[in-house]
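An overview of the molecular structure
This is what each chain is made of:
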Amino acid sequence: MQRDFLTYQQSSYTIEDVKRKEQLLQREINLARTIQTTLLNGDAPSIEGGEVFGYSIPARLIGGNYYDFYPLVNGKVRIVIGDVMGKGIPAAMLMILTRGAFRTAAESTQSPGKTLTAMNKALYNDLRKLKSFVTVFCADWDPLSGTFTYANAGHHLPLFIRGDAVHELPKVKGIMIGGLPNQIYHEESIQLFEHDSIFFYTDGIIEAQNKRGEQSTLARLIETLKQNQDKNAGEIEKKVLESIHKFTEGVPQKDDMTMVFLKVGKQKVDISSLNSPVM
C-alpha cells in the first residue's frame, strides 16, 4: 500500500513541476556563485611598493579554490592561496569555511606559520568528519623591508622570479590542513628587491589537459613566466591563461584554476583582486 502511494506521488509530478524545481535549483546555485564571487572580491587594501593580482576560474559554476589578501597593522600584507579537495558545491562550502578560518586566524596570529597552525586547529575535526582536506600556502610580505616570510600546508610552492631566472621558493614542509591534528607549521623567509616577483598557483594551472590527454606542465608555466617577466601583474595573468588555452585546444576545463601574482616595485600601487568565473 505504501509503495502504491509513493508510486502515485511520484507519477503525479508534471513536467511543469520538474521545470520549476530545476529553475529553483539553478537560482540557488547562482546565488551561491554570487556569494562566493563577492567574498573573493572583498575590499582590496592599498600598500606601498608593489602590486598583487588574484584571479580564479572554477571548473564549474562555483569552485573550491581560494585566495585572499589581509592587511596587517604593521604595514605588512598577508597573502593566502588554497585548494579544497573536490569540486563544485561541496568544495565551495568548504572553501567558505577555509576563508572564515583564515580571516579569524589572521586577526589573532603574528606570522604565516601560526596562521596555518590556528587554521588546522579550527578546521581539523570538521574536515576529518567530511574526509576532506585543504592545501594552503600563506605568506607575509613587508613592503618596507622587502622580507617575504611564508609557511606551507601541502600546497604547491610558488615560483620566485628574478630577472630571467624562475624557480620554486626554498622548501618548507607542512602537511595539508585537516591531515593531522596539533600540527606546527614552520616558516622560511627570503628578501625581495625591486622587480622581483612571486607567482602563487593551484594545480589546475599545471594539470590542464589537451585533446591527447597530455597535461600542461610546471616547465610550460615557468617558460611563460620567463617570457613575460617584465610585464605587470594583470598582463602576466593574461599571458598565463593564453598559454593554457593554446595548449588545451578548447578542451573543457576539468579543475579550478587560481593564481596570485606579487610584483615588487617602488611606487604605491593598490592591491587588486579579481575573480572571474566562466559560465
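Residues numbered from 1 in each chain as written. Predicted model: local features only at pLDDT ≥ 70, side-chain atom pairs only at ≥ 80, totals over all residues. Heavy atoms only, no water.

1. Focus: the confidence of the model for the chain
Stated formally: One confidence number per residue, pLDDT, is output by the predictor and ranges from 0 to 100. For this analysis, residues touch if any pair of their heavy atoms sits within 4.5 Å.
Scored by pLDDT, the chain comes out at a mean of 84, with 84% of its residues at no less than 70. Between residues 267-279, whose pLDDT stays under 50, and residues either more than four places distant or in other chains, the model counts 53 contacts.

2. Topic: helix α6 (residues 233-248)
Definition in use: Helix numbering and strand numbering both begin at the N terminus, where a helix is a DSSP run of H or I of at least 4 residues and a strand a DSSP run of E of at least 2. Here the expected span of a helix is defined as 1.5 Å times the quantity of residues minus one. Buried means the residue's accessible area, taken with a 1.4 Å probe over protein chains only, is under 20% of the maximum for its type, while exposed means over 50%, and partly exposed covers the values in between. Pairs of N or O atoms are called polar contacts if they sit within 3.5 Å, as long as, within protein, a hydrogen donor faces a hydrogen acceptor (for residues adjacent in sequence, only side-chain-to-side-chain pairs).
Given a rise of 1.5 Å per residue, 16 residues ought to cover 22 Å, and the 23 Å separating the end C-alpha atoms of α6 matches this to within 8%. Those residues of α6 that sit buried are Ala233, Gly234, Ile236, Glu237, Val240, Leu241, Ser243, Ile244, Phe247 and Thr248. The secondary structure elements touched by the buried residues of α6 are β2 (50-57), β10 (197-201), α5 (218-227) and β11 (257-264). A distance of 3.2 Å separates the backbone nitrogen of glycine 234 from a side-chain oxygen at the start of α6, and that oxygen is part of asparagine 232. A positive backbone phi angle near 55 degrees is found at glutamate 249, which sits one or two residues after α6.

3. As for the nonpolar core
Operational definition: Residues grouped as a nonpolar core are buried Ala, Val, Leu, Ile, Met, Phe, Trp, Tyr and Cys residues, joined through side-chain atoms within 4.5 Å.
Phe102, Leu116, Met119, Val136 and Ile177 are the most contacted members of the largest nonpolar core, which totals 23 residues. Top element by residues in this core is helix α3 (residues 88-108). It accounts for 7 residues.

4. Quick look at the sheet that holds strand β3 (residues 65-71)
Counted only if it meets this: DSSP-based pairing: two strands are paired if at least 2 bridges between them are found. Here the axes come from fitting lines to C-alpha atoms, over the contacting stretch only for helices, and the angles between their N-to-C directions go from 0 to 180 degrees.
Read across the sheet, 5 strands follow the order β3-β4-β5-β6-β9 without closing on themselves; strand pairing throughout is antiparallel. Whereas interior strands pair on both sides, the edge strands pair on one side only; in this sheet they are β3 and β9 (188-191). Adjacent strand axes in the sheet meet at a mean angle of 15 degrees, parallel and antiparallel pairs treated alike. Looking at chain direction, strand β4 (residues 77-84) and strand β5 (residues 134-141) are connected through 8 bridges and run antiparallel. The residue bridging glycine 82 from the neighbouring strand is valine 136, located in β5. Taken strand by strand, helix α4 (residues 112-129) contacts β4, β5 and β6 (147-153), and its axis lies near 155 degrees from that of β5.

5. Concerning the packing of aromatic side chains
Note the threshold: Pairing of aromatic rings covers Phe, Tyr and the six-membered ring of Trp, with a centre-to-centre limit of 6.5 Å; geometry is then stacked below 30 degrees between planes, edge-to-face above 60, and tilted otherwise.
A full pass over the atoms with the stated rule returns 9 aromatic pairs. On the numbers, 5.5 Å between centres and 25 degrees between planes, the contact of phenylalanine 137 with tyrosine 150 is stacked. One end of the pair, phenylalanine 137, is in strand β5; the other, tyrosine 150, is in strand β6, with 13 residues separating them in the sequence. The same class applies to phenylalanine 137 as to tyrosine 150, namely buried.

6. A few points about the packing of α3 against α4
The cut-off we apply is this: Two helices crossing with the near one rotated counterclockwise from the far one by less than a right angle form a left-handed crossing, whereas a clockwise rotation gives a right-handed crossing. Gly is placed with the polar residues, together with every amino acid not listed as nonpolar (Ala, Val, Leu, Ile, Met, Phe, Trp, Tyr, Cys and Pro) or charged (Asp, Glu, Lys and Arg).
The geometry of α3 relative to α4 is characterised by a closest axis approach of 9 Å and an angle of 145 degrees between their N-to-C directions. At the point where α3 passes α4, the crossing takes the right-handed sense. Two secondary-structure elements touch here, α3 through Leu94, Leu97, Thr98, Ala101, Phe102, Ala105 and Ala106 and α4 through Thr115, Ala118, Met119, Leu123 and Leu127. Taken together, the residues that form the contact of α3 with α4 break down as 10 nonpolar, 2 polar and no charged.

7. Digging into the side chain of serine 56
Following the sequence through the fold, serine 56 ends up in strand β2. The exposure class assigned to serine 56 is buried, which follows from its relative accessible area of 4%. There is a polar contact of 2.7 Å between the side chain of serine 56 and the side chain of threonine 258.

8. Quick word on the pattern of salt bridges
Which entries qualify depends on this criterion: Each reported salt bridge corresponds to a side-chain nitrogen of Lys or Arg within 4 Å of a carboxyl oxygen of Asp or Glu.
Tallied over the entire structure, the rule returns 6 salt bridges. A salt bridge links aspartate 196 to arginine 162, with the shortest nitrogen-to-oxygen separation between them at 2.6 Å. With aspartate 196 in the loop between β9 and β10 and arginine 162 in strand β7 (residues 159-162), the pair connects residues that are 34 residues apart, well separated along the chain. Overall, the relative accessible area of 3% leaves aspartate 196 in the buried class. Arginine 162 gets classed as partly exposed once you look at its relative accessible area, which sits at 36%. Several salt bridges share partner residues, and in doing so they unite Arg212, Glu214 and Glu249 into one network.

9. Some points on α3
In a regular helix each residue adds 1.5 Å, so 21 residues correspond to 30 Å; α3 covers 31 Å between its end C-alpha atoms and thus fits that length. Every buried residue of α3 is listed here: Gly88, Ala91, Ala92, Leu94, Met95, Thr98, Arg99, Ala101, Phe102, Ala105 and Ala106.

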